[in-house]
Structure formats: structure tokens, C-alpha cells
Amino acid sequence: MRVDIISIFPEYFAPLDVSLMGKARERGILDIHLHQLRDWTHDVHKTVDDTPYGGGPGMVMKPEVWGEAVDAVIEGGRAARGADALPRLVVPTPSGRPFTQEVALEYAEEPWLLFAPARYEGIDSRVVAEYGERLRADEVSIGDYVLAGGEAAVLVMVEAVGRLLPGVLGNARSVADDSFAPGAMANLLEGPVYTKPPVWRGHEVPEVLLSGHHGRIARWRRDEALRRTLDRRPELVARLDRDGLDKHDRRV
Ligand SMILES: COc1cccc(COC(=O)c2cn[nH]c2)c1
């Protein structure tokens, strides 16, 4: 998968050089290209923003600069991927559609993603409108809060998508076992996890997990996942009621 990221702070993405994402890049599973948005300005101050039409606080990022940058990055990617290749454009914003595991799975199928993290109050809305006419352009939110810029959201999405790519996670860990992954544990939070020692500062590991009785362990884990989901994310259980409770679940 090719990932292009255009930002006024490309150094923000240094974390993508380490750990799982770093290895995925070394092994050619992820091909990440960083671009400095200011390279497509033409004034001495390298201005990327201006005051909002209609007034109001803050600044808005200029459409011309983003347009030249996105066009150039598409051309650059086409040199490598073919003259008709097009990326999926992703703009992180609090006003976007929710980024969920389902969206991460959808993005993991894409051959080429182009992330456009904004600063200030956002990017002139005509940029997404312009590119939405010829490629998939998504405004996506990683949560209901406002960041100083979209860069942290891009790090979150690249990691959530990157770990789904074949070969990135060791075989021992299957993404099918993820919480929120489709299937028996879909829409459930992960329950508590434990490792050695069996007793730590007087706290014992639940007996059932040491029993070796896989049926009872699986039942216990699902009960704990349901209990935690009811407690912390009741709205997910409502969704379960429609799709996913089995005959043993009622008694939790
Ligand atoms: C594009 O417009 C804006 C405006 C304001 C801040 C940002 C940065 O993104 C976020 O704050 C965010 C992304 N998901 N949840 C929060 C983008």
C-alpha cells in the first residue's frame, strides 16, 4: 500500500519510522511518502492560510496551495503506479464520518491513500468538493474532540490500517480476533486479560482461566466482554440486541 501525507509538519510523522509501522515500511508492505505543504506556496512567507469568508475566529487553509500540492502528489504517485492510478483522499476533521474498525478494514483494501491533515479551522471546503468529483474523498473523524491539527489523526489511522495489512502482525495475532472485528465478538469490548504470576500483590487470576477448560473459558470471556460493554458502551449492546446475542447471553 502506498500512503502519501501532505502536511506543514511532516516531522510529525517520525513515529511511523519505528516499531510495527517501521518494519512494515522496511519490508515494503507500506510505502509512505511525506510532503511539505509549503513547497507549493509562492510567496516569501510561504502562506498556507487566510481569514474565513463570512468572518469568525481563526484561519482557513487556502484552496490554491492544497490544490497544487494534491495535484503534484497524484502525479508523483502515478509515475510509480500507472498513469490512471488515483488515491483515496482522506481529510481528518471533527465534522467527518466516524473512523471505525470497519472503515479501517475498508481502507486496508485500498492500494493508495492520500492523507490531508489540516491545521487552523480546516481546509477551504472546495478542495474536497473538487477532488470528490474524480476520486473517493472522505472527511473522517477519529473522535468527538478538536485537535490542533489532523496530523495526530493521520498517525492513528495509518496505524489502525497498517496493522491490518497481511504480514504486518505476527501470525500469532489474527486481526479477526480484534474487538470490533466482525464475528462472534463484534461490537463487544475486550474483557480483562491476565498473564503470570497467578497471584500478584494478593490479586488472583480468575480460576476459570487456569482450568484449561476451553469451553468454560470462552464462555467466561464472552460474559466479561458483555459485562464490560454494558458498563462502558451500552449503546453497543443495543446494536448487539439486533445482531449478536446468543441464547446463553441473556443471563449476564
Ligand atoms: C479539517 O478541519 C479541521 C478543523 C479542526 C481540526 C482539525 C484536525 O482534526 C481533528 O481535530 C479531528 C479529527 N478527528 N477528530 C478530531 C481539522
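Since the structure is predicted, the reported quantities are computational estimates derived from the model, not experimental observations.

**Student:** Where do I start with the pairing of strand 6 (residues 112-115) in this structure?
**Tutor:** Moving residue by residue along a regular strand, the side chains alternate between the two faces of the sheet. By the alternation rule, side chains of strand 6 split into Trp112 and Leu114 and Leu113 and Phe115, which are all buried. Of the pairings in the sheet, the one linking strand 1 (residues 2-7) to strand 6 comprises four bridges and is parallel in character. Its bridge partner being in strand 6, Ile5 is matched across the sheet by Phe115. Relative to strand 6, strand 5 (residues 88-98) is paired through three bridges, and the arrangement is parallel. Bridging across to strand 6, Val90 finds its partner in Phe115.

**Student:** I would appreciate a short explanation of the side chain of Asp4 in the present structure.
**Tutor:** Within the secondary structure layout, Asp4 lies in strand 1. Judged by its relative accessible area of 0%, Asp4 is buried. Looking at Asp4, its side chain comes within polar contact range of the side chain of His35, at 2.6 Å. Filtering out sequence-adjacent residues up to four positions away, Asp4 remains in contact with His33, His35, Val73, Trp112, Leu113, Leu114 and Phe115.

**Student:** Where do I start with the sheet that holds strand 7 (residues 137-141) in this structure?
**Tutor:** Adjacent strands of a sheet form backbone hydrogen bonds with each other and so pair up, either parallel or antiparallel. As summarised here, the arrangement of the five strands in space is 2-1-6-5-7, forming an open sheet in which the pairing is parallel. Because the sheet does not close on itself, it has two edges, and the strands there are strand 2 (31-36) and strand 7. Ignoring strand direction, the axes of neighbouring strands in this sheet form an average angle of 30 degrees. Two strands pair when backbone bridges link them, and strand 1 and strand 2 are joined in this way by six bridges, in the parallel orientation. By the bridge assignment for strand 2, Ser7 is matched with Gln36. Docked against the sheet, helix 2 (residues 63-81) engages strand 1, strand 2 and strand 6, running at close to 160 degrees with respect to strand 1. Where helix 3 (residues 101-108) meets the sheet, it contacts strand 5, strand 6 and strand 7, and its direction lies at approximately 170 degrees from that of strand 5.

**Student:** I tried to follow the layout of surface pockets on my own but got confused; where do I start?
**Tutor:** One simple way to see leftover space: roll a probe sized like a water molecule over the atoms. Here the largest pocket defines a volume of roughly 490 Å³. Together, 25 residues line the largest pocket, and Pro92, Thr93, Pro94, Glu121 and Gly122 are the ones closest to its centre. For the lining of the largest pocket, the element with the highest residue contribution is strand 5, accounting for five residues. Looking at the lining of the largest pocket, its residues break down into 13 nonpolar, eight polar and four charged.

**Student:** How do you make sense of the nonpolar core when you look at a structure like this?
**Tutor:** Burial of nonpolar side chains together is a common tendency in soluble globular proteins. In terms of nonpolar packing, the biggest core is built from 29 residues, with Leu30, Phe99 and Phe115 touching the most fellow members. Residue assignment for this core shows that the elements contributing at least two residues are strand 1, helix 1 (19-26), helix 3, strand 6 and helix 5 (151-162). No other element matches the seven residues that helix 5 contributes to this core. Filtering out sequence-adjacent residues up to four positions away, Leu30 remains in contact with Met1, Val3, Met21, Ala24, Arg25, Val158, Gly162 and Leu165. With 24 residues, the next largest nonpolar core counts Ile6, Ala69, Trp112 and Ala116 among its residues.

Cut-offs and rules
Residues numbered from 1 in each chain as written. Predicted model: local features only at pLDDT ≥ 70, side-chain atom pairs only at ≥ 80, totals over all residues. Heavy atoms only, no water. Buried < 20%, exposed > 50% of the residue type's maximum accessible area, 1.4 Å probe, protein only. Helix = DSSP H or I, 4+ residues; strand = E, 2+ residues; numbered from the N terminus. Pairing = 2+ DSSP bridges. Polar contact = N/O pair within 3.5 Å; in protein donor to acceptor, adjacent residues only side chain to side chain. Contact = heavy atoms within 4.5 Å. Axes fitted to C-alpha atoms, helices over the stretch in contact; angles between N-to-C directions. 1 Å grid on protein atoms, 1.4 Å probe; cavity = no way out; pocket = protein on both sides within 12 Å on 5 of 7 lines; lining within 4 Å. Points joined across faces, edges and corners; volume = space filled by probe spheres on them. Nonpolar A, V, L, I, M, F, W, Y, C, P; charged D, E, K, R; others polar. Core = buried A, V, L, I, M, F, W, Y, C linked by side-chain atoms within 4.5 Å.

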